[in-house]
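Observations on the three-dimensional arrangement
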Amino acid sequence: MSAPRRVLLLGATGSIGASTLEVMAQLERERGCRFDVIGLAGGSRAEPLAAAAHATGARAVALADTGSPGLPALRASIARIASAADHPIEVLAGDEGIGVLVSRLRPGDLLVNAVVGAAGLRATLMAVRAGVDVALANKESLVAGGALVLPAAAASGARIIPIDSEHAAVHQCLAGARRSDVRRIILTASGGALRDWDHDRAWHATPAEALRHPTWAMGPKVTIDSATMMNKALEIIEAHWLFSLAPQDISAIMHPQSLVHGIVEFGDGSMIAQLGPADMRIPIRQALVGDAAGPALGRLDLESIGALEFRAIDDRRFPAIRLARRVLALGGTAGAIFNAANEAAVALFLGGGIPLGRIVELVAEAIERIPAGPLTDESDIRAADAAARRFIAAEAAADPPGCAAAATCAVPERRPRP
Ligand code: NDP
Ligand code: MG
């Protein structure tokens with residue numbers, strides 16, 4: 001019997017993290033796979049991290065937040081679990097603590113990166129530099145740092161296996177294909193919670209409304225990104241790096257049913273599309289075991305689906321796609337600026353500080369007004385990221401009075417009209 005696969009799961013307490021834990025348990029139960037969870041990490045929430053450590057028998061946990069109540073609560077819970085289980089569980093803290101866990105990985109191990117935001121970049125880079133495969137949900141790693149991550153992976157031989165459903169679908173469609181035959185890829189977009197709302201109404205949507213995604217159950221940041229179409233913008237940049245495709249060879253299309261996840265078009269006009277239930281456990285499982293063998297996690301009943309719906313993404317209603325192309329044209333640190341500006345704007349929106357419609361506007365202003373510089377190492381990304389966050393805070397603070405309450409804000413003059 002082969003040795004268990006050593007796995008480190010970052011973002012273990014989130015939506016993708018929880019699905020990953022479920023998939024690993026299922027694979028052990030149903031396919032006899034064996035995983036050795038060398039560590040689990042989260043952001044600030046102690047209880048779900050301690051529970052995951054208990055369920056997996058993880059030997060170490062790390063929490064990014066070093067403050068209270070998270071870390072003391074984690075230490076107390078882990079002490080109870082470790083004494084009941086009669087084996088030690090190490091508790092690490094901060095980005096440094098997470099870095100210690102990543103530094104223990106070696107070629108043949110797997111890092112599952114399910115962190116949200118640019119905070120995930122450091123681990124991705126460390127792993128690929130060490131020749132460790134990364135199952136990547138954290139698309140922000142590539143948006144901000146693809147220019148460092150992909151060359152490092154090529155140099156070490158590490159693979160980046162996409163978990164993001166569209167990219168996982170394209171990855172599956174490309175299996176066995178000659179790269180020179182590929183003309184373009186098409187990423188599908190559900191359109192998010194507000195896809196059928198008109199521009200003005202969507203501009204004022206509340207966090208509760210924008211968080212009600214019609215087809216996917218995900219963490220709050222990516223759900224808001226779906227409502228603004230920023231998610232597809234981020235994914236175009238992610239695809240550019242993952243598949244080494246020129247921006248014009250990456251398209252996006254609205255597909256409200258979320259059944260077709262990705263499409264590859266070949267030079268002769270033929271296409272391969274990947275369909276499946278809207279269930280992240282499918283791409284996660286493929287990333288963990290590298291195959292699409294059963295048992296099935298769900299089946300599509302094509303007879304009852306009847307027809308598949310596709311439509312163009314309205315560029316005036318969803319200007320985010322245009323921004324992605326602008327970012328790719330700018331190059332350098334533009335991706336880091338774009339990503340950080342979006343993270344900061346989404347956080348402001350979720351806190352009631354700006355209306356939904358301001359997110360894309362502010363990000364557009366950030367990429368035009370903060371000069372993108374060359375990207376040679378991580379310090380360039382850190383500086384660009386910090387500049388973008390400062391810019392968004394200052395711009396939002398300067399918004400007209402009354403704009404803070406998303407539901408009541410008067411539409412500012414500068415809002416582009418459809
Ligand atoms: P969640 O918000 O549900 O989970 C985020 C995870 O990251 C949590 O474990 C959180 O910990 C942790 N975290 C937060 N901040 C930090 C930090 N500074 N350092 C380390 N860990 C941190 O997000 P999702 O699971 O939805 O998304 C994760 C990633 O996967 C995102 O990049 C998203 O775009 C991508 N993705 C998600 C999909 C989905 O279906 N959810 C689909 C495709 C891609 P804590 O719980 O303590 O806050
Ligand atoms: Mg996706």
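Details of the structure are given in the entry above.
So, a few notes on the structure that sits alongside this text. (Residues numbered from 1 in each chain as written. Chains lettered and ligands numbered in written order. Predicted model: local features only at pLDDT ≥ 70, side-chain atom pairs only at ≥ 80, totals over all residues. Heavy atoms only, no water.)

1. Brief notes about the sheet that holds strand β5 (residues 110-113)
In plain terms, the rule: The rule for pairing is simple: two strands pair if DSSP sees at least two bridges between them. Elements are defined by DSSP. Helices are runs of H or I of four residues or more, strands are runs of E of two residues or more, and each kind is numbered from the N terminus. Helix axes are fitted to C-alpha atoms over the stretch in contact, other axes to C-alpha atoms as well, and angles between N-to-C directions run from 0 to 180 degrees. Contacts are residue-level and defined by heavy atoms, with any inter-residue pair within 4.5 Å sufficient.
Reading across from one edge, β4-β3-β2-β1-β5-β6-β7 is the order of the seven strands in this open sheet, with parallel pairing throughout. Of all the strands in the sheet, the pair left with one neighbour each is β4 (90-93) and β7 (160-162). Strand-to-strand twist across the sheet, computed as the mean angle between neighbouring axes with direction ignored, equals 20°. Where strand β3 (residues 60-63) and β4 come together, four bridges link them in parallel fashion. When the bridges of β4 are listed, V61 appears paired with V91. Contacting β2 (35-42) and β3, helix α2 (residues 46-56) runs over the sheet at an angle of about 175° to β2.

2. Points about the packing of α2 against helix α3 (residues 70-85)
The following threshold applies: Here roughly perpendicular refers to angles of 65 to 115 degrees, roughly parallel to angles under 35, roughly antiparallel to angles over 145, and oblique to all remaining angles. Helix crossings fall into two classes, left-handed where the near helix is turned counterclockwise from the far one by less than a right angle and right-handed where it is turned clockwise. Asp, Glu, Lys and Arg are counted as charged, while Ala, Val, Leu, Ile, Met, Phe, Trp, Tyr, Cys and Pro are counted as nonpolar; the rest, among them Gly, fall into the polar class.
In the contact formed by α2 and α3, the axes pass within 9 Å of each other and the chain directions differ by 25°. By the criterion of interaxial angle, the relationship of α2 to α3 is roughly parallel. Classified by chirality, the crossing of α3 by α2 is right-handed. Between α2 and α3, the residues in contact are A46, E47, L49, A50, A53 and H54 and G70, A73, L74, S77, I78 and I81, respectively. Tallied by class, the residues present in the contact of α2 with α3 amount to eight nonpolar, three polar and one charged.

3. Here we look at the site of ligand 1
Note the threshold: One heavy atom within 4 Å of a molecule or strand makes the whole residue count as near it. Whenever two N or O atoms come within 3.5 Å, that pair is a polar contact, provided that in protein one can donate a hydrogen and the other can accept it, and provided that, for residues adjacent in sequence, both atoms are side-chain atoms. For the accessible areas, the method is Shrake-Rupley and the probe is 1.4 Å, while residue cover comes only from the protein chains on display.
The full set close to ligand 1 counts 26 residues, and T13, G43, S44, R45 and E140 are the nearest of them. With respect to ligand 1, the backbone of S15 contributes an N or O atom lying 2.8 Å from an oxygen atom. A distance of 2.7 Å separates an oxygen atom of ligand 1 from a polar side-chain atom of E140. Calculation on ligand 1 without its partners gives an accessible area of 890 Å², and the protein chains cover 86% of this total.

4. What about the pattern of salt bridges?
What counts is decided by this rule: Each reported salt bridge corresponds to a side-chain nitrogen of Lys or Arg within 4 Å of a carboxyl oxygen of Asp or Glu. Throughout, exposure labels follow a simple rule: accessible area from a 1.4 Å probe, protein chains only, divided by the maximum for the residue type, with under 20% read as buried, over 50% as exposed, and the rest as partly exposed.
Tallied over the full model, the rule gives 31 salt bridges. Residues D133 and R159 are paired through a salt bridge, measuring 3.1 Å at the closest nitrogen-oxygen approach. Of this pair, D133 sits in strand β6 (residues 133-136) while R159 sits in the loop between α6 (140-156) and β7, and the two are 26 residues apart along the sequence. With a closest N to O distance of 2.8 Å, D399 and R358 form a salt bridge. On the criterion of sequence distance, the pair formed by D399 in the segment after α17 (378-397) and R358 in helix α16 (residues 356-369) is long-range, its members being 41 residues apart. Assigned by exposure class, D399 and R358 land together as buried. Bridged by salt links that share partners, the residues K139, D164, E166, K232 and E235 form one connected network.

5. Concerning a nonpolar patch on the surface
For clarity, the threshold we go by: Like charges are joined within 9 Å and nonpolar side chains (Val, Leu, Ile, Met, Phe, Trp, Tyr) within 5 Å, but only among residues with over 30% relative accessible area and no salt bridge; these make up the patches.
Taken together, the side chains of L275, L302, L308 and F310 define a hydrophobic patch exposed on the protein surface, amounting to about 340 Å² of accessible area. Its relative accessible area of 36% is what places L275 among the partly exposed residues.

6. Observations concerning α2
It helps to recall that an α-helix has 3.6 residues per turn; residues three or four apart then point in one direction. What counts is decided by this rule: It is the directions from the helix axis to the C-beta atoms that the arc portrays.
When we look at burial in α2, the residues that qualify are A46, L49, A50, A52 and A53. Viewed along the axis of α2, the buried residues span an arc of 160°, placing them on a single side of the element. Of the exposed residues in α2, those oriented more than 90 degrees away from the buried face are H54 and A55. In this structure, the buried side of α2 is in contact with α1 (15-31), β2, β3 and α3. Trailing α2 by a residue or two, G57 shows a phi angle of about 75°, which is positive.

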